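Structure at a glance
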Amino acid sequence: MPAQPSEHGAPSQAPARPLGITMGDACGIGPELIVQLFARGLPHPAVVYGDAATLQRACAVAGLDDTLSIIALGHPGPGSTRSTIGVLDRWHGLPPDLPWGRVDARAGQGAYEYLCHAIDDAQAGRLRALVTAPLNKEAMQLAGLKFPGHTEILAQRSGTSRYAMMLANDELRVLLVTIHIPLARVPEAISQGAELDAMRLAHLACLQSGVAAPRIAVAGLNPHAGENGAFGTEEIRIIEPAIAQARAEGLDVSGPWPGDTVFMRARQGEFDIVVAQYHDQGLIPVKYLGLDTGVNVTVGLPFVRTSVDHGTAFDIAGKGVAQADSLAAAIRMALQMSARP
């Protein structure tokens, strides 16, 4: 249906879909980070899925009571970029007496509820993208929610079976084959299918990030990428056949490369993304470059989702010292990755 003329004769434009920002754990630093960014001014309209009273309390902590106003919303609406924070809370279950910096089942339940409602709106096309502040896994466990983290909730709620976690900054992109499992289970969890899915998702993530011809490097599982079977055979039995299949599909994939050098090579510009075999192998290199610039991306969802690459930081919550740089980077990346159909 064509755009309708305005009273001045020019076509009217539908309001831009807002970003959805989840508040995360109410006892952590998420609320403080959010109010800081709204006070600075956002590059795109956004709405917050969370608790208005908690955000008001965060304004007091950050010295922003006279700068920001907080209003309750019934639906995502057009969103705001500055001065006014529109809050959407379909749960209304968070008590006002939650202390800063403590693990609390009520905050864990709230973080889960806000995330689920945001996922539903993102799937329905009401949001341009979803950006999440940190939740606390222990608080969710106390609430009876047996999820390892954001990624698994996002996948289950959206009905996504093929997905991956990517951590990225301006210097390095890393996508994981396995995520939140014990290290002892990693060898049995990798398979040719899992490796190939990760390579395909790495290719997709780069395309969404504006890389026209992604160069994908795959890290080996074992020291020296197995040293031709001397230190393990997973590279020969599993990873190399998956790389060959990915190449047959037209993907520019190489490896398996030794994990102790491949990230440096990618940072120097030889590769656009590294597929890592397990959580710490991939995340340590990115986080070492700085927690204030890293962004967590869930690749493969039917919508764009980004997040900070740090936790709830209970040790500094409520003290007004938390820095919002990682959340700002997550917002920028969400806009970049959702700019393409």
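Heads up: the structure comes first, above all this text.
First things first, this report covers the structure right here in the doc.

So, the overall build of the protein chain
In terms of helices and strands, the protein chain carries 11 helices and 12 strands. Scaling as 2.2 N^0.38, a compact globule of 341 residues should have a C-alpha radius of gyration of about 20 Å, and the protein chain matches this with 21 Å. A principal-axis box enclosing the C-alpha atoms of the protein chain has dimensions of 65 × 55 × 35 Å. In the protein chain, which comprises 341 residues, the share counted as buried stands at 53%. A sequence separation of at least 24 residues applies to 72% of the contacts in the protein chain between residues at least 6 apart. Carbon and sulfur atoms make up 51% of the accessible area of the protein chain, which totals about 14600 Å².

Quick notes on the pairing of strand β9 (residues 252-257)
Relative to β9, strand β8 (residues 215-219) is paired through 4 bridges, and the arrangement is parallel. Residue pairing for β9: Arg-215 is matched across the bridge by Asp-252. Where the polypeptide runs from β8 across helix α8 (residues 234-248) and back to β9, its parallel neighbour, the crossover connection is right-handed.

Points about the sheet that holds strand β10 (residues 273-276)
Strand pairing in a sheet relies on backbone hydrogen bonds. The paired strands run either parallel or antiparallel. Strand order in the open sheet formed by 12 strands is β3-β4-β2-β1-β5-β12-β11-β6-β7-β10-β8-β9, and the pairing between neighbours is mixed. Bordering the open sheet on either side are β3 (69-73) and β9, each of which pairs with just one other strand. This sheet shows a mean twist of 25° between the axes of neighbouring strands, independent of strand direction. With respect to the sheet, helix α5 (residues 150-158) is in contact with β5 (130-132), β6 (164-168), β11 (295-299) and β12 (305-308), its orientation differing from that of β12 by roughly 160°. The strands that helix α11 (residues 325-337) touches are β1 (19-22), β5, β6, β11 and β12; relative to β12, the one it contacts most, it runs at about 165°.

Overview of the environment of His-224
Inspection of the secondary structure assignment puts His-224 in the loop between β8 and α8. Residue classification places His-224 among the partly exposed positions, given a relative accessible area of 44%. Sequence separation between His-224 and Ser-326 is 102 residues; the distance between their C-alpha atoms is 33 Å. Of note is the side chain of His-224, whose polar atom sits 2.7 Å from the side chain of Glu-227.

Focus on the nonpolar core
Formed by 95 residues in total, the largest nonpolar core has its most connected members in Ile-21, Ile-34, Phe-38, Leu-55, Ile-85 and Leu-175. When sequence neighbours within four positions are dropped, the list of residues in contact with Ile-34 reads Ile-21, Thr-22, Met-23, Val-48, Leu-55, Ala-133 and Leu-327. Among the nonpolar cores identified, the runner-up in size contains 16 residues, and Leu-167, Leu-172, Ile-179 and Val-274 belong to it.

Some remarks on helix α3 (residues 105-123)
The end-to-end C-alpha distance of α3 is 27 Å, a good match for the 27 Å that 19 residues give at a rise of 1.5 Å each. Among the 19 residues in α3, 15 count as buried, and that is most of the element. Two or three places before Arg-106, at the start of α3, stands the capping residue Asp-104, its side-chain oxygen 2.8 Å from that residue's backbone nitrogen. A positive phi of about 80° marks Gly-125, the residue just after α3.

Focus: the packing of α3 against α5
Relative orientation of the contacting elements α3 and α5 amounts to 45°, with a least axis distance of 10 Å. Considering the angle they form, α3 stands oblique to α5. α5 is crossed by α3, and the crossing has right-handed handedness. Along the contact surface, α3 presents Tyr-112, Leu-115, Cys-116, Ile-119, Asp-120 and Gln-123, while α5 presents His-150, Ile-153, Leu-154, Arg-157 and Ser-158.

With respect to the packing of helix α1 (residues 30-40) against α11
The relative placement of two packed helices comes down to the angle between their axes together with the axis-to-axis distance. It is at 9 Å that the axes of α1 and α11 come closest, and there the two elements cross at 65°. When you trace α1 past α11, the crossing you get is right-handed. Counting all contacts with α1, which are made through Leu-33, Ile-34, Leu-37 and Arg-40, the residues of α11 involved are Asp-325, Leu-327, Ala-328 and Ile-331. Of the residues in the contact of α1 with α11, the class split is 6 nonpolar, no polar and 2 charged.

Cut-offs applied
- Residues numbered from 1 in each chain as written.
- Predicted model: local features only at pLDDT ≥ 70, side-chain atom pairs only at ≥ 80, totals over all residues.
- Heavy atoms only, no water.
- Helix = DSSP H or I, 4+ residues; strand = E, 2+ residues; numbered from the N terminus.
- Rg over C-alpha atoms; globule rule 2.2 N^0.38 Å.
- Buried < 20%, exposed > 50% of the residue type's maximum accessible area, 1.4 Å probe, protein only.
- Contact = heavy atoms within 4.5 Å.
- Areas by Shrake-Rupley, 256 points an atom, 1.4 Å probe, with all protein chains shown as cover.
- Pairing = 2+ DSSP bridges.
- Right-handed = clockwise from strand over helix to strand, strands pointing away.
- Axes fitted to C-alpha atoms, helices over the stretch in contact; angles between N-to-C directions.
- Polar contact = N/O pair within 3.5 Å; in protein donor to acceptor, adjacent residues only side chain to side chain.
- Core = buried A, V, L, I, M, F, W, Y, C linked by side-chain atoms within 4.5 Å.
- Expected span 1.5 Å × (residues − 1).
- Parallel < 35°, antiparallel > 145°, perpendicular 65-115°, else oblique.
- Left-handed = near helix turned anticlockwise from the far one by under 90°.
- Nonpolar A, V, L, I, M, F, W, Y, C, P; charged D, E, K, R; others polar.

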